[in-house]
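# Report on the structure
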Amino acid sequence: MPELNFKGKEFVFNHHLAVPHRPLLPNAAKSVGEPRLDGNLVIHGDNLHALESLLPMVAGKVDCVFIDPPYNTGNEGWCYNDNVNSQMMQQWLSENPVGIEDGLRHDKWCAMMWPRLRLLHDQLGQAGSLWVTLDDNEIHRARAMLDAIFGEQNFVATCILHKKFSPKPSAKFFSEDHDYLLIYAKKKDKWRPDLLERTQDMDE
C-alpha cells in the first residue's frame, strides 16, 4: 500500500498517546437539567484535548462520528497549535496562521489531523463508522491517512454532496458545485448502514 509522508509525521505518529488527560468539568450555569457527564455533552476547548478526555468513557463504544475539519483552502486562517515536543514543530507554531502562501500548509494539515483521527479510531466500536466532509484540497491526503489508520479494507465510500445549484461567476476554470463525504468503518464486515425503506414513489 502506498504510504503518505509529510513533514513532521515522525513527531505526530504517536502523539495521541502523549496528549495529557484533562478531566471534563460540568458547568451548571450552561447545563439543561442536572449537570452530568453520562448524557449529551457540548465540550468547549481544543478538540484534541476533548477527544482525549472522552476516551476513558467512550473507547470502543461510539457508533458514529461525523467531523467537518478545516478544508485547508488557504483562506481559513486556522492555526496548527498542537504541543508536540519537537523543535521543528515548535517553529511551525511561530508561523501561524496557516495561509495560502504557507508552503507547508498541507504538511501542517496532515500533522494536525493524524492524532485526531487516531483518537477517533480508538473511540469507535467494532460496528462504528467515521464520516468526514472535505473538498478537493485535502481529499486525497485524507484518503491516504484514513487508509493507514483504519486499513484500506475498511473504506466504505466517497459520497458527493451537491452544495451549489448555479455556476459561480468568479470561477476561472470550472464552477465546482460539490464537496465530498468520506466514509470508513471500524470493521467493514461488522458495519451496515440503516437504510430507509423505499417509498411507493421510488418504486414507481
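Read on for an overview of the structure. (Residues numbered from 1 in each chain as written. Predicted model: local features only at pLDDT ≥ 70, side-chain atom pairs only at ≥ 80, totals over all residues. Heavy atoms only, no water.)

## Details of the pairing of strand E2 (residues 124–134)
- The element E2 is largely enclosed, with a buried count of eight among its eleven residues.
- Bridge count between strand E1 (residues 62–67) and E2: five bridges; the pairing is parallel. Each bridged residue has a counterpart across the sheet, and for Val62 the counterpart in E2 is Leu124.
- Across six bridges, the pairing between E2 and strand E4 (residues 178–185) is antiparallel. Across the sheet, Leu134 pairs through a bridge with Tyr180, a residue of E4. (Buried < 20%, exposed > 50% of the residue type's maximum accessible area, 1.4 Å probe, protein only. Helix = DSSP H or I, 4+ residues; strand = E, 2+ residues; numbered from the N terminus. Pairing = 2+ DSSP bridges.)

## Thoughts on the sheet that holds E1
- One open sheet accounts for four strands, arranged E1-E2-E4-E3; its pairing is mixed. Strands with a single pairing partner mark the edges of an open sheet, and in this sheet they are E1 and strand E3 (155–162). Recorded for the sheet is a direction-independent mean angle of 15° between the axes of neighbouring strands.
- Relative to E4, E3 is paired through seven bridges, and the arrangement is antiparallel. Bridge pairing links Leu161 to Asp179 in E4.
- Against the sheet, helix H5 (residues 139–150) makes contact with E2, E3 and E4, and its axis sits at roughly 5° relative to E4, the strand it touches most. (Axes fitted to C-alpha atoms, helices over the stretch in contact; angles between N-to-C directions. Contact = heavy atoms within 4.5 Å.)

## A look at the packing of aromatic side chains
- Under the defined criterion, the tally for this structure stands at five aromatic pairs.
- One aromatic cluster is present, built from ring pairs that chain together Phe6, Phe13 and Trp114.
- One residue, Arg118, lies across the ring of Phe13, its end atom 5.1 Å from the ring centre.
- Across from the ring centre of Phe155, 3.7 Å away, lies the NZ or CZ of Arg143, which sits over that ring. (Phe/Tyr/Trp six-rings, centres within 6.5 Å; stacked < 30°, edge-to-face > 60°. Lys NZ or Arg CZ within 6 Å of the ring centre and 35° of its normal.)

## Things to note about the nonpolar core
- By size, the foremost hydrophobic cluster in this structure holds 40 residues, and its most contacted members are Tyr80, Trp109, Leu117 and Leu130.
- Elements supplying a minimum of two residues to this core: helix H2 (47–58), E1, helix H3 (87–93), helix H4 (105–123), E2, H5 and E4.
- No other element matches H4, which puts nine residues into this core.
- Setting aside anything within four residues of it in sequence, one finds Leu117 in contact with Ile67, Leu130, Met145, Leu146, Ile149 and Phe150. (Core = buried A, V, L, I, M, F, W, Y, C linked by side-chain atoms within 4.5 Å.)

Everything listed here is a matter of geometry and, on its own, says nothing about what the molecule does.
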